[in-house]
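Here is what each chain is made of, one letter per residue.
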Amino acid sequence: MKKLTREEADRIEVRPDARTSFANNIFINMKPGDIILLEPKDWKQKNRAPSTFLRRYERKSGKKFTSTKPLDGSGWIIERVK
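Here is a short report on the structure shown in this document. (Residues numbered from 1 in each chain as written. Predicted model: local features only at pLDDT ≥ 70, side-chain atom pairs only at ≥ 80, totals over all residues. Heavy atoms only, no water.)

Description of the sheet that holds strand β1 (residues 35-38)
As a reminder, the rule being used: A strand pair is defined by DSSP finding two or more bridges across the two strands. Numbering of helices and strands starts at the N terminus; helices are DSSP runs of H or I of at least 4 residues and strands are runs of E of at least 2. Simply put, an axis is a line fit to the C-alpha atoms, just over the touching stretch for a helix, and the angle between two N-to-C directions goes from 0 to 180 degrees.
An order of β1-β3-β2 is seen for the 3 strands of this open sheet, with the pairing classed as antiparallel. If you trace the sheet from one side to the other, it starts and ends with β1 and β2 (65-68), each paired once. Shown here is a sheet whose adjacent strand axes are inclined to one another by a mean of 20°, direction ignored. With 4 bridges connecting them, β2 and strand β3 (residues 76-80) associate as antiparallel partners. Across the sheet, the residue bridging to Thr 66 is Glu 79, located in β3.

This is the structure:
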């Protein structure tokens with residue numbers, strides 16, 4: 001067991017108690033200004049794009065994201081705006 005300071009605890013990425021995927025955990029832990037490239041191998045939902053998940057998550061959490069798809073098909077560029 002180790003005692004943590006507030007700064008150390010804030011740096012640790014966490015996941016909610018509910019069942020979530022790897023990509024969803026990344027979205028939850030993003031801070032404003034963070035940008036990621038989500039590769040297709042990391043997104044397991046074949047019937048919908050990450051932008052669909054992000055729009056629903058925005059309504060629940062109040063966070064804002066932008067999602068764009070590069071022309072080379074390398075995945076999705078996701079930025080947390082607010």
